[in-house]
Amino acid sequence: MSTYDTGNTAVRRTSRRTESPTENGSIRPHDNHTNTSDITLRKEDMERMKAELIRHIQSDLNELLERALSDSMQSLYRNTRTKPDQTHTQDRHKPGQGKVFVARCSLLDELFEISHIRTIYHMFIAALFLFTISTLAVDYIDQGKMFLDFDLFYYAFGQLGTVVWAWTLMFAYTLLGPYYILSIWASLHHSCGWRTCVSAVAALTLCAAQTSMLGIFPVYTVLHYQLPPASRFIIILEQIRFVMKSYSFIRETTPAVLTSTPQKGESPHYPSLSSYLYFLFCPTLIYREVYPRNPYIRWNYVGVNFMKILASLFYLYFILVRLCIPVFRNKSNQPFSTRTLILAVFHAAFPGMLMLMLGFYGFLHCWLNAFAEMLRFADRMFYNDWWNSTSFANYYRTWNIVVHDWLYYYSYKDFLWLTGQKLRSVATLLVFAVSALVHEYAFTLGFGFFYPVMFCTFAGIGVVFNFAMNDKRKSPVCNIIMWTCLFIGQGVHVSLYCLEWYAQIQCPRSGTSFWELVTPRSWTCNYQ
């Protein structure tokens, strides 16, 4: 190795430079300076040798640790048997057939152990304090008062009583409806001779129930009670979550019932209600009868995460009050033009990016980790290092792994299975179409007007970026391009929705025709 060569060179060099005795055995006085220089050179050689040795050891240790972690995850999946009924689940869900859950921490929790990353986190906290102080100062100078006014919160989260009882009804149905409909079908499927008729009746009953309770009822509640924006989003997002959860339970349970062959006199294996109840609250959209669990709950960790969620809401409030509302309230008095749009987009880019970061940190990290900790759910990979992505394909995969897994296994993989592993590009387009439609549905009902910005960015620009900036792009320049596109994209979202919001207020609809409902008011509103 080069390390040992360096050491031998150092030894030969120092042996030549050691003190040289004279003919009578004494040492010359001027050799003291030479000895000092030799000692210095020896120290430099030893430091170089030590640095090179440490570098080689670190490289070898990193390789060994990565190999050990990979082997331990595989052995954990193969050997972990915590309950007798876990055998059925693990037999059905082999690594090549679906998502495998393993115990792992969230990436940000690991990164915050590094002081340099923690300093960036402290900078965001300092910015929150700065927003608070500036708001207090401006309110004191303009209005002579020095207290924070949270009227925006009171308006946005109004009618919470309606939200609570509507959510309770949706949850009760999601827990009991699909579970018992499938339970009755499973018991009759193996004991009744009319299997096709039983399956058809069960499918029709389930479709009717799902459409009524998770389709029509939430939309009726939002529109009939004219809920404010935040309350609307709670109902609609919970509706989408319950639909995805119940579909995963149906999708995972039905094949197991069809392929099981119970002995005479035995009932077919069917999941317990407690496992389904746990699934409805745990932070994943892929159903399993058992998940890796932590041995205990860190309640201080839960409390800290809920405090961070509250801080994120206050952060969002200050961004809206200080950076968005004053600007777009004034811009709403100007006619819609290319100049107005460009100025609005670039002004909204920074606050829009802050909103994206807050949504990521407050929900995907704090909210999901808080519920995972309370339920001892051990697989905390809700996201990956999307900020390092050099392609939009990788960004879409790592930004929200919870939703990505559902789309991948139930849209992409199932479509490939139906087409015989063909038409992969069509399967990708299907995933984007589903995602775009759901995002547009949530924003349309959440804001109370139709403005297909989300659909166009997902189904149009998002598809183009996915194929244009694919995984072959590895240059750091591509990461810069990705971040630039994110800033511009968030500016487009925030500016267009804010302009439309104020246009809807100043120029309300005069009719209920189809074109009146789908035409953006900001395009035609006359502010005179």
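Residues numbered from 1 in each chain as written. Predicted model: local features only at pLDDT ≥ 70, side-chain atom pairs only at ≥ 80, totals over all residues. Heavy atoms only, no water.

Looking at an unreviewed UniProt entry, one finds the chain named O-acyltransferase and attributed to Cirrhinus molitorella. Within the UniProt record for the chain, the comment given under Sequence similarities (unreviewed entry) is "Belongs to the membrane-bound acyltransferase family. Sterol o-acyltransferase subfamily." Quoted verbatim from the Subcellular location (unreviewed entry) heading of the UniProt record, the comment on the chain is "Endoplasmic reticulum membrane". (UniProt positions renumbered as here; feature names shortened; annotations may be inferred.)

1. Description of a nonpolar patch on the surface
A cluster of nonpolar side chains, contributed by Trp165, Leu169, Ile216, Tyr220 and Tyr225, occupies part of the molecular surface with about 490 Å² of accessible area. The set of elements that each furnish at least two residues to the nonpolar patch consists of α7 (160-189) and α8 (195-224). (Patch = residues over 30% accessible without salt bridge, like charges linked within 9 Å, V, L, I, M, F, W, Y side chains within 5 Å. Areas by Shrake-Rupley, 256 points an atom, 1.4 Å probe, with all protein chains shown as cover. Salt bridge = Lys/Arg side-chain N within 4 Å of Asp/Glu carboxyl O. Helix = DSSP H or I, 4+ residues; strand = E, 2+ residues; numbered from the N terminus.)

2. Looking at the confidence of the model for the chain
Reading predicted coordinates in detail is not appropriate for stretches of low pLDDT. In this model, the chain carries a mean pLDDT of 81, and residues with pLDDT of at least 70 account for 83%. For the chain, helix α3 (residues 86-92) is the element with the lowest average pLDDT, namely 36, and helix α10 (residues 273-281) is the one with the highest, namely 94. Contacts from residues 1-29, a stretch scored under 50 in pLDDT, to residues over four places away or in other chains number 23 contacts. In this model, residues 74-96 is a region of pLDDT below 50 whose contacts with residues beyond four sequence positions or in other chains number 26 contacts. (pLDDT = per-residue confidence, 0-100. Contact = heavy atoms within 4.5 Å.)

3. Regarding the UniProt feature "transmembrane region" (unreviewed entry) in the chain
Summarizing the sequence annotation, UniProt attributes the feature "transmembrane region" (unreviewed entry) to residues 120-141, 153-176, 197-220, 299-320, 340-364, 423-443, 449-468 and 480-503 in the numbering used throughout. Secondary structure over residues 153-176 splits into 88% helix and 0% strand, and the C-alpha atoms at its two ends are 34 Å apart.

4. Concerning helix α5 (residues 115-143)
Relative to the 42 Å expected for 29 residues at 1.5 Å per residue, α5 spans 41 Å between its end C-alpha atoms, a close match to the ideal helical length. Residues of α5 that are buried include every one of Leu128, Phe131, Thr132, Thr135, Leu136 and Asp139, and no others. Immediately beyond the C-terminal end of α5, within one or two residues, lies glycine 144, with a positive phi of roughly 70 degrees. (Expected span 1.5 Å × (residues − 1). Buried < 20%, exposed > 50% of the residue type's maximum accessible area, 1.4 Å probe, protein only.)

5. A word on the layout of surface pockets
The space that makes up the second largest pocket amounts to roughly 740 Å³. Going through the elements one at a time, α4 (107-111), α5, α11 (299-331), α12 (338-374) and α17 (476-506) are the ones with two or more residues in the lining of the second largest pocket. Ranked by residue count, the leading element in the lining of the second largest pocket is α12, at seven residues. In the lining of the second largest pocket, the residues fall into 23 nonpolar, one polar and one charged. (1 Å grid on protein atoms, 1.4 Å probe; cavity = no way out; pocket = protein on both sides within 12 Å on 5 of 7 lines; lining within 4 Å. Points joined across faces, edges and corners; volume = space filled by probe spheres on them. Nonpolar A, V, L, I, M, F, W, Y, C, P; charged D, E, K, R; others polar.)

6. Topic: the packing of aromatic side chains
By the definition in use, this model includes 62 aromatic pairs. A ring pair is formed by phenylalanine 153 and phenylalanine 314, whose centres lie 5.8 Å apart and whose planes are at 65 degrees; its orientation type is edge-to-face. Of this pair, phenylalanine 153 sits in helix α6 (residues 151-156) while phenylalanine 314 sits in helix α11, and the two are 161 residues apart along the sequence. Relative to tyrosine 410, the ring of tryptophan 406 lies with its centre 5.6 Å away and its plane at 80 degrees, an arrangement referred to as edge-to-face. With tryptophan 406 and tyrosine 410 both in helix α14 (residues 401-418) and four residues apart, this pair spans about one turn of that helix. Pairwise contacts between aromatic rings join Phe360, Tyr383, Trp386, Trp387, Phe392, Tyr395, Tyr396, Trp399, Phe432, Phe465, Trp483 and Phe487 into one cluster. In this structure, lysine 245 packs its charged tip against the face of phenylalanine 279, placed 4.5 Å from the ring centre. Taking the ring centre of tyrosine 301 as reference, the NZ or CZ of arginine 298 above it sits at 4.3 Å. (Phe/Tyr/Trp six-rings, centres within 6.5 Å; stacked < 30°, edge-to-face > 60°. Lys NZ or Arg CZ within 6 Å of the ring centre and 35° of its normal.)

7. Topic: the nonpolar core
One finds Tyr291, Phe360, Phe377, Tyr383 and Tyr395 to be the most contacted residues of the largest nonpolar core, which totals 74 residues. By residue number, the principal contributor to this core is α7, which donates 11 residues. Apart from residues no more than four positions distant in its own chain, phenylalanine 360 is found in contact with Leu108, His365, Tyr383, Trp386, Trp387 and Trp399. Core analysis: the next-biggest nonpolar cluster, separate from the first, contains 10 residues, Phe150, Tyr315, Phe318 and Ile319 among them. (Core = buried A, V, L, I, M, F, W, Y, C linked by side-chain atoms within 4.5 Å.)

8. Overview of empty space enclosed by the protein
Under the defined criterion, the tally for this structure stands at two cavities of 30 Å³ or more. Of the pockets and cavities examined, the largest cavity occupies roughly 80 Å³. If you trace the largest cavity, you find it lined by Lys99, Phe101, Pro283, Thr284, Phe377, Asp379, Met381, Phe382, Ile401, Val402 and Asp405. Here the residues of the lining of the largest cavity sort into seven nonpolar, one polar and three charged.

9. With respect to the pattern of salt bridges
Pairing is possible between side chains that carry opposite charge, provided their charged atoms lie close to one another. Counting across every chain of the model gives seven salt bridges. A salt bridge links arginine 104 to aspartate 379, with the shortest nitrogen-to-oxygen separation between them at 2.7 Å. Of this pair, arginine 104 sits in the loop between α3 and α4 while aspartate 379 sits in the loop between α12 and α13 (392-399), placing them 275 residues apart in sequence. Linking aspartate 414 and arginine 251 is a salt bridge whose minimum nitrogen-to-oxygen distance equals 2.9 Å. One end of the pair, aspartate 414, is in helix α14; the other, arginine 251, is in helix α9 (residues 229-259), with 163 residues separating them in the sequence.

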